[in-house]
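Here is how the chains run, residue by residue.
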Amino acid sequence: MLDKLEMFIAVAKEGHFGRAAISIGITQPSLSAGIKQLEQQLGVQLIFRGSRYGGLTPEGQATLVWARRIVGDARQLREEMRAKRHGLSGQLRIAAIPTALTWAARLCHRFNAKHPNVRFTILSRTSVEILSMLDNLDVDAGISYLDNEPMGRVSTEPLYAERYMLVCAEGSRFAERDSVAWAELVQERLCLLTPDMQNRRIINRNFAAVDVTPEAWIESNSTVVLMATVETGGWVTVLPEDSARFHAIGKPVRLIPLTGPEPAHSVGLVAPWREPHTPVLESLLREARRLAAES
């Protein structure tokens, strides 16, 4: 039953039988047979079928909620038994918004120093993607905004408050300033994160609060691209302070605080709500709490 539920979760996630089979490492006929057996065991049709995947039936939607819960509980049981035998070990998968990747690295380094048998996978994703990956059991935790996207039922540990910096080249007219107002950027050549990023949506709201509509001539989902563009001269970008300071090391750029009406936004560790958590995840939440207190 567990194997078949994992197959069903994969099909619901991918929306395609072939891609679902590849994602879990089996053949498409084996996956189709597993789904049919699951439907027979439950006595309901779970998926609309025609020449291709047609979506979940109402019974399939309800089953998906249970499937995620059951598979998640089974994984938690395995983690707890492994912890009892070998201590904290295994693989932790974390998805982080691009501007929080430095915090993800910091948290994982601290955790690994105490628990060297735990390995990490760190992925860069948008805040919406992180919530979807948590739902689909694709990651164990995320680092994302805590006060913007609807979070649903999750466990959270705040890490830091995000504040924004103007990043400009050394020759910029702003380079020697102590601060810059958001409204002063109205005529600047802006390079910004893409609109699907929550950080960009926050920046747009900050501009809107001072009656400015930002016009970004270069957009990217990579902060590396933004910093490389600023280095060429003539461009400016806006980044959270921690990310800006990390990327500015050794580069001919200046960081200037932005002043205006914007509030600080809370960023933190997000995990699926469970009581109790797996020993590894509970320890990670505890380490995030210590890191935030020290920072």
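So, here's what we can say about the structure. These numbers were taken from a predicted model, which means no experiment stands behind them.

### Comments concerning the sheet that holds strand β4 (residues 118–124)
Ordered in space as β4-β3-β5-β13-β6, the 5 strands form an open sheet in which the pairing is mixed. Two strands lie at the open edges of the sheet, namely β4 and β6 (154–162), each paired on one side alone. Across the sheet, the mean angle separating the axes of adjacent strands is 20° when strand polarity is ignored. Relative to strand β13 (residues 265–272), β6 runs antiparallel, the two being bridged by 8 bridges. Bridging from a neighbouring strand, Tyr160 pairs with Val267 of β13.

### Quick word on the packing of helix α5 (residues 101–114) against helix α10 (residues 279–294)
At a closest axis distance of 10 Å, the pairing of α5 and α10 adopts a crossing angle of 115°. The two elements α5 and α10 cross, and the hand of that crossing is right-handed. Note on element contacts: α10 touches α5 through Val280, Ser283, Leu284, Glu287, Ala288, Arg290, Leu291 and Glu294, opposite Trp103, Arg106, Leu107, Arg110, Phe111 and Lys114. A breakdown of the residues in the contact of α5 with α10 according to their chemical character gives 7 nonpolar, 1 polar and 6 charged.

### Examining the packing of aromatic side chains
In the structure shown here, the tally under the stated rule is 5 aromatic pairs. For the ring pair Phe17 and Tyr53, a centre distance of 6.1 Å and an interplane angle of 75° mean the geometry is edge-to-face. You can see Phe17 sitting in helix α2 (residues 17–24) and its partner Tyr53 sitting in strand β2 (residues 53–56), a full 36 residues away along the chain. A relative accessible area of 12% means that Phe17 is categorised as buried. Consider the rings of Tyr164 and Trp182, whose centres lie 6.2 Å apart with planes at 70°: the pair is edge-to-face. Residue Tyr164 is found in strand β7 (residues 164–169), and its partner Trp182 is found in the loop between β8 (180–181) and β9 (190–193); the two are separated by 18 residues along the sequence. Three or more aromatic residues joined by ring pairs make a cluster, and in this case those are Tyr164, Trp182 and Phe207. The lysine or arginine in question, Arg69, covers the ring of Trp66, its NZ or CZ lying 4.5 Å from the ring centre. Its end group placed over the ring of Trp103, Arg106 keeps NZ or CZ at 4.5 Å from the ring centre.

### Comments concerning unusual backbone geometry
Not every positive phi belongs to a glycine, and Leu137 is a case in point at roughly 65°. With respect to the secondary-structure elements, Leu137 resides in the loop between α6 (127–135) and β5 (141–145). Located in the positive-phi region is Asp211, a residue other than glycine, with phi close to 60°. By secondary structure assignment, the location of Asp211 is in the loop between α7 (198–208) and β10 (216–220).

### Observations concerning the side chain of Thr223
Relative to the helices and strands, Thr223 is located in helix α8 (residues 223–231). The class for Thr223 is buried, based on a relative accessible area of 6%. Beyond its immediate chain neighbours, meaning those up to four positions away, Thr223 contacts Thr99, Leu193, Leu239, Ser243 and His247.

Thresholds, definitions, all that
Residues numbered from 1 in each chain as written. Predicted model: local features only at pLDDT ≥ 70, side-chain atom pairs only at ≥ 80, totals over all residues. Heavy atoms only, no water. Pairing = 2+ DSSP bridges. Helix = DSSP H or I, 4+ residues; strand = E, 2+ residues; numbered from the N terminus. Axes fitted to C-alpha atoms, helices over the stretch in contact; angles between N-to-C directions. Left-handed = near helix turned anticlockwise from the far one by under 90°. Contact = heavy atoms within 4.5 Å. Nonpolar A, V, L, I, M, F, W, Y, C, P; charged D, E, K, R; others polar. Phe/Tyr/Trp six-rings, centres within 6.5 Å; stacked < 30°, edge-to-face > 60°. Buried < 20%, exposed > 50% of the residue type's maximum accessible area, 1.4 Å probe, protein only. Lys NZ or Arg CZ within 6 Å of the ring centre and 35° of its normal.

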